Amino acid sequence: MPSSTVENYLKQILIESIQAGSSEVAMGKVAECLQVTPGTATTMVKSLEKKGWLNYRPRRGVKLTTSGKKMGMNMLRRHRLLETFLVETLGLDWAEIHEEAEELEHAISEKVLEKLDEFLGRPTHDPHGDPIPTKRGSMPNASDRTLIDCEVGDFVRIESVQDQGKEFLQFARKKKLIPGKRIEVVQFDPIADSLEFKIDGKYSLTLGSKTAAKIIIRP
């Protein structure tokens, strides 16, 4: 059985490749998202290559093999199902569940995971709006559009929140920037580099472009 560290690397590389829309992930990004030094990341990646989990190209990046992608997808499925359980069944705050799921995902068995999926009604998305992989490793296509891509007059729905940090999730919940909310783009101010929105036709909100770029939407 792979260690929790191996599982974390494979899951995070998979997530980064999905978000970037590229099968190859730069080493700098690997080190950054796993919060380790570049040297530590390179040493670990070389070890994973020897075990057949990924392919590594010096000064370029890494690409998961078929077995590496399968393991990464399995860990992503575990994580997002556990987050759903923690929110919908145990009532934990969505800003607090990431770290809890990080711990639990390495301990849960496949048998319990399958029962959990059944118990939850086979959910397709987690509380943050991110798609949950199926048991076979398939996953609904996620949108790559954000609020910053919208134009004045557009009507869209929030699909997911890209920033999984606790502080940002608390901010998003407070401002009602949660999956499913309907957004109308009211105004863009190029001088302030900000956008004004209406949420569900009721609440007005102004966001800077950096914050708006963290909110994934669909028409």
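The structure under discussion appears in the preceding block.
All figures in this text were calculated on a predicted structure; none of them were measured in a lab.

### Here we look at the overall build of the chain
Tallying secondary structure elements over the chain gives 8 helices and 8 strands in all. Here the C-alpha radius of gyration of the chain, 19 Å, is about what a compact globule of 219 residues would show, namely 17 Å. For the C-alpha atoms alone, the extent of the chain along its principal axes is close to 55 × 45 × 25 Å. Put simply, the chain has 219 residues, and 41% of those count as buried. Intrachain contacts of the chain at a sequence separation of at least 6 include 60% that bridge at least 24 residues. As presented, the chain carries roughly 12200 Å² of accessible surface, and 50% of it is formed by carbon and sulfur atoms. Between the mean site of the 33 positive side-chain charges and the mean site of the 32 negative ones, the chain shows a separation of 4 Å.

### Some points on the sheet that holds strand S3 (residues 61-64)
Spatially, 3 strands are ordered S1-S3-S2 in an open sheet, and the strand pairing comes out antiparallel. The two strands at the open ends of the sheet, each matched to only one other strand, are strand S1 (24-25) and strand S2 (54-57). Along the sheet face, helix H3 (residues 38-50) touches S2 and S3 and points at about 130° away from the line of S2.

### Comments concerning the packing of aromatic side chains
Per the counting criterion, the structure on display carries 1 aromatic pair. One residue, Lys176, lies across the ring of Tyr203, its end atom 4.9 Å from the ring centre.

### A short note on the pairing of S2
Here S2 shows a clear split, with Leu54 and Tyr56 buried on one side and none of Asn55 and Arg57 buried on the other. If you look at the hairpin formed by S2 and S3, you'll find 3 residues sitting between the two strands, and Arg59 has a positive phi there, around 65°.

### Some thoughts on the sheet that holds strand S7 (residues 203-208)
As summarised here, the arrangement of the 5 strands in space is S7-S6-S5-S4-S8, forming an open sheet in which the pairing is antiparallel. Sheet topology places S7 and strand S8 (215-218) at the edges, where each strand pairs with a single neighbour. Within the sheet, the average angular offset between the axes of one strand and its neighbour, ignoring direction, is 45°. In terms of strand pairing, strand S4 (residues 155-161) meets strand S5 (residues 182-189) through 3 bridges, oriented antiparallel. Note that in S5 the partner of Phe155 across the bridge is Glu184.

### Describing the side chain of Ser209
Among the structural elements, Ser209 can be located in helix H8 (residues 209-212). Here Ser209 falls in the buried class, since its relative accessible area comes to 16%. Non-local contacts of Ser209, meaning those with residues more than four positions away in its chain, are made with Ile148 and Asp193.

### Details of unusual backbone geometry
Despite not being glycine, Arg59 has its phi angle at roughly 65°, a positive value. If you trace the backbone, Arg59 turns up in the loop between S2 and S3. Of the residues examined, Arg59 reaches a relative accessible area of 79% and is grouped as exposed. Even without a glycine there, the phi angle at Asp200 is positive, about 55°. Mapping Asp200 onto the fold places it in the loop between strand S6 (194-199) and S7. Using a relative accessible area of 32% as the deciding quantity, one classes Asp200 as partly exposed.

Thresholds applied
- Residues numbered from 1 in each chain as written.
- Predicted model: local features only at pLDDT ≥ 70, side-chain atom pairs only at ≥ 80, totals over all residues.
- Heavy atoms only, no water.
- Helix = DSSP H or I, 4+ residues; strand = E, 2+ residues; numbered from the N terminus.
- Rg over C-alpha atoms; globule rule 2.2 N^0.38 Å.
- Buried < 20%, exposed > 50% of the residue type's maximum accessible area, 1.4 Å probe, protein only.
- Contact = heavy atoms within 4.5 Å.
- Areas by Shrake-Rupley, 256 points an atom, 1.4 Å probe, with all protein chains shown as cover.
- Lys, Arg positive; Asp, Glu negative; His and termini not counted.
- Charge placed at Lys NZ, Arg CZ, Asp CG, Glu CD.
- Pairing = 2+ DSSP bridges.
- Axes fitted to C-alpha atoms, helices over the stretch in contact; angles between N-to-C directions.
- Phe/Tyr/Trp six-rings, centres within 6.5 Å; stacked < 30°, edge-to-face > 60°.
- Lys NZ or Arg CZ within 6 Å of the ring centre and 35° of its normal.

The quantities given are spatial measurements derived from coordinates; they are silent on function.
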